[in-house]
Every structure is written in structure tokens, then in C-alpha cells.
Amino acid sequence: MQINTPTDALSALVHELSRLPGIGEKSATRLAFHLLNADKEKVFRLADALKNAKEKVHLCSQCYTYTETDLCEICASPVRNGNTICIVERPSDCRAIESSKKYTGLYHVLHGTLSPVEGIGPEQIKVFELIKRINEQKFSEQENSEVVLALNPSVEGEATCLYISKLLKPLGIKISRIAYGLPMGGSLEYADRGTIGRAMENRVEC
Ligand SMILES: [Zn+2]
């Protein structure tokens, strides 16, 4: 038997790791060998953390970010501004905006953007849940109510902003968009705090 001949278990590990975003087969192989080399205890802790997170974390019943409780910490907080909802693509975008410390309202996570090419319509993302939330909470009747669109600068992000604006405008809600210091194709997730903070502070009404 040759040294480094993958066993079935090793092949399976490389295969699973290579399915993670940004991990090619080379990186997956390197990670797999790293894990096999590491202390058993450390690797089992990682396996437990993965299992625990997947078992305990679910979507917030109001904003659809990740949480371990029914309502996430932000939705449940009495000090957040309930009259402002910031629309983002992913839970990781909430984290990015939170790190800027320039936003004190609530969120609504769409879990994607509209993409006719990929067959992603409004039913596949949390758009109707947003409309339901806004109607049920009589959001438009609240003083200074505002929806802030903070989708990533991409063709799909643009199309989604337009779609949501058209749905919300008749309800008489102020709609704004974050000012982009972000390049087209860029992502909130990878932008620095200062850029996100400025984009949020300089948001413009649609
Ligand atoms: Zn929430």
C-alpha cells in the first residue's frame, strides 16, 4: 500500500470538505490531513460544535436570522428601533452591519435575491413574509417608519430592491437604500466596518 493512499473514510471527508464554499479539492485534502493529524479530542470538539449548531440554531420567527430562541436577540431587544427594518440577503449581512455600530433598527433576512436565470422567484426568498410582517404589525402606521434596503450590489440585488420598493411604496412606507461605497459585485460581508457605517449613515430615499 502506498503512503497517502486515501482510505474510504478519508475520501468521504475530503469530499464533504470540498463542498464547502471557497474550498477546492486541494484545500479540502489539506484540511482533511490536518484533522487526521490533530488530537482526537480537538477533532471531536469540532464535530460536536457542528452538530450542536445545526441542531440548536434555527431561523428567528420574525426576521429570519439565525437564533437559538424563538425571537433573535435583536428582535427581542427593547432598545432597538422597531420603526426601522433593514432588508439584507443573508444572516451574515446582519452581523456585518451590526459590527459597524451605526444601525439600531431591526432586520429582515431574505435568504437570497431574485434571480430569474436561476429560477429564484419571490416564493423562494422571504419577501412575502416581509409583507405579512409589515401588514400584521401595522408598520406603516408607526411614526417615522422606514425600510432600508441593504442588498449587495449585483444585478440580482438591484432587481430585488426594485421589486420590494414596488411592493412597499403603495403602503406609504419610507424606503431608503444604503449608499454604496461598495463596488458592483462586492459584498457587505467582506466590507470593512467604516464602509458599512458610512453606507448606512448616508442612505438615500428611493
Ligand atoms: Zn429576529
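The coordinates are above.
Computed from a predicted model, the values in this text were never measured in an experiment.

Participant: How should the overall build of the chain be read in this particular structure?
Facilitator: Looking only at helices and strands, the chain features eight helices and seven strands. Reported as C-alpha extents along the three principal axes, the dimensions of the chain are approximately 70 × 35 × 35 Å. In the chain, 57% of the contacts between residues at least 6 apart in sequence involve partners at least 24 apart. Summed over all atoms, the accessible surface of the chain reaches about 12900 Å², with 53% contributed by carbon and sulfur. In the chain, the 25 positive side-chain charges and the 26 negative ones have mean positions that sit 3 Å from each other.

Participant: I tried to follow the coordination of the zinc ion on my own but got confused; where do I start?
Facilitator: Protein-derived ligands of the zinc ion are Cys60 (SG), Cys63 (SG), Cys72 (SG) and Cys75 (SG), with the metal-ligand distances lying across 2.3 Å. For the zinc ion, the four donor atoms in the first shell make angles of 105 to 117° at the metal, a pattern classed as tetrahedral. Counting gaps between the donor residues of the zinc ion yields the pattern C-x2-C-x8-C-x2-C. A relative accessible area of 2% means that cysteine 63 is categorised as buried. Residue classification places cysteine 72 among the buried positions, given a relative accessible area of 5%.

Participant: Honestly, the nonpolar core in this entry has me stumped. Any pointers?
Facilitator: General note: in soluble globular proteins, nonpolar side chains tend to be found buried as a group. Formed by 23 residues in total, the largest nonpolar core has its most connected members in Cys86, Val88, Ile97, Tyr107, Ala150, Ile178 and Met200. The set of elements that each furnish at least two residues to this core consists of α4 (73–76), β3 (81–88), α5 (91–100), β4 (105–109) and α8 (193–201). Ranked by size, the runner-up nonpolar core spans 18 residues in total, among them Leu130, Ile131, Leu149 and Ile175.

Participant: Which parts of the structure should I look at to understand the sheet that holds β4?
Facilitator: To summarise the sheet geometry, strands pair through backbone hydrogen bonds and adopt either a parallel or an antiparallel arrangement. Reading across the sheet, the five strands line up as β4-β3-β5-β6-β7 and stay open at both edges, with mixed pairing between neighbours. Edge positions in the open sheet fall to β4 and β7 (204–205), since each of these has one partner strand only. As defined by bridge partners, strand β6 (residues 174–177) adjoins β7 across two bridges and the pair is classed as antiparallel. The partner of serine 176 across the bridge, within β7, is glutamate 205.

Participant: Help me out: how do you make sense of the pairing of β4 in this one?
Facilitator: Residues in a regular strand project their side chains so that they alternate between the two faces of the sheet. In terms of burial, β4 is largely enclosed, as five of its five residues are buried. Here five bridges tie β3 to β4, and the two strands are oriented parallel to one another. Note on β4: the bridge partner recorded for isoleucine 85 is leucine 106. The parallel pair β3 and β4, bridged by α5, forms a crossover whose chirality is right-handed.

Participant: Mind showing me how you'd approach the pattern of salt bridges here?
Facilitator: Opposite charge on two side chains allows them to pair when their charged atoms are near. For the structure on display, the rule yields eight salt bridges. With a shortest N-O distance of 3.8 Å, arginine 19 and glutamate 16 are connected by a salt bridge. For arginine 19, a relative accessible area of 58% corresponds to the exposed category. For glutamate 16, a relative accessible area of 46% gives the class partly exposed. Of the charged contacts in the structure, one is a salt bridge between glutamate 41 and arginine 45, with a shortest N-O distance of 3.6 Å. Pair noted here: glutamate 41 and arginine 45 are both in helix α3 (residues 40–56), with a separation of four residues, about one helical turn.

Participant: Looking at this structure, how should I read the packing of helix α1 (residues 8–18) against helix α2 (residues 25–37)?
Facilitator: Two measures define how a pair of helices packs: the angle their axes make with one another and the distance between the axes. The interhelical angle for the contact between α1 and α2, taken along N-to-C directions, is 125°, at an axis separation of 8 Å. Between α1 and α2, the angle falls in the class oblique. With respect to the hand of their crossing, α1 and α2 are arranged in right-handed fashion. Across from Leu10, Leu13, Val14, Leu17 and Ser18 in α1, the residues of α2 making contact are Glu25, Ala28, Thr29, Leu31, Ala32, Phe33, Leu35 and Leu36. Class assignment for the residues of the contact of α1 with α2 results in ten nonpolar, two polar and one charged.

Reading the values: the criteria
Along each chain, residue indices are assigned from 1 in the same order as the chain's sequence is written. A pLDDT threshold of at least 70 governs which residues receive local features in this predicted model, and a stricter bar of 80 or more applies before side-chain atom pairs are shown or counted, although totals over entire chains, interfaces and linings include all residues. Each side-chain value is derived from all of the structure's non-hydrogen atoms; neither hydrogens nor water enter the calculation. Helix and strand definitions here come from DSSP, where helices need a minimum of 4 consecutive H or I residues and strands a minimum of 2 consecutive E residues; each element is numbered from the N-terminal end. Should any heavy atoms of two residues lie within 4.5 Å, those residues are considered in contact. Reported accessibility uses the Shrake-Rupley method at a 1.4 Å probe radius. Residues are deemed covered only where the shown protein chains occlude them. Counted as positive: Lys and Arg. Counted as negative: Asp and Glu. His and the chain ends are not counted at all. Here the site of a charge means atom NZ of a Lys, CZ of an Arg, CG of an Asp or CD of a Glu. Note that water is not among the atoms considered, so a metal site may appear incomplete; the donors listed are N, O and S atoms within 2.8 Å of the metal, with 3.2 Å applied to Na, K and Ca. Geometry is assigned from the angles between donors: four donors with all angles from 85 to 135 degrees make a tetrahedral site, four or six donors whose opposite pairs exceed 155 degrees while the rest stay between 65 and 115 make square planar or octahedral sites respectively, and everything else is labelled irregular. For every residue, the accessible area obtained with a 1.4 Å probe (protein chains only) is divided by the maximum for its type, and the residue is called buried under 20%, exposed over 50%, and partly exposed between those limits. The set of buried Ala, Val, Leu, Ile, Met, Phe, Trp, Tyr and Cys residues whose side-chain atoms join them within 4.5 Å is what this entry labels a nonpolar core. DSSP calls a pair of strands paired once it identifies at least 2 bridges connecting them. Look down the strands so they point away from you; if going from the first strand over the helix to the second traces a clockwise path, that crossover is right-handed. Basic side-chain nitrogens of Lys or Arg form a salt bridge, by our definition, when they fall within 4 Å of a carboxyl oxygen of Asp or Glu. Here the axes come from fitting lines to C-alpha atoms, over the contacting stretch only for helices, and the angles between their N-to-C directions go from 0 to 180 degrees. Here the word oblique covers every angle except those under 35 degrees (roughly parallel), over 145 (roughly antiparallel) and from 65 to 115 (roughly perpendicular). Handedness of a crossing is defined here by the sense of rotation of the near helix relative to the far one, left-handed for an anticlockwise turn of less than a right angle and right-handed for a clockwise turn. Three categories are distinguished: nonpolar for Ala, Val, Leu, Ile, Met, Phe, Trp, Tyr, Cys and Pro, charged for Asp, Glu, Lys and Arg, and polar for the others, with Gly belonging to the last.

What is shown is where atoms sit, not what they do.
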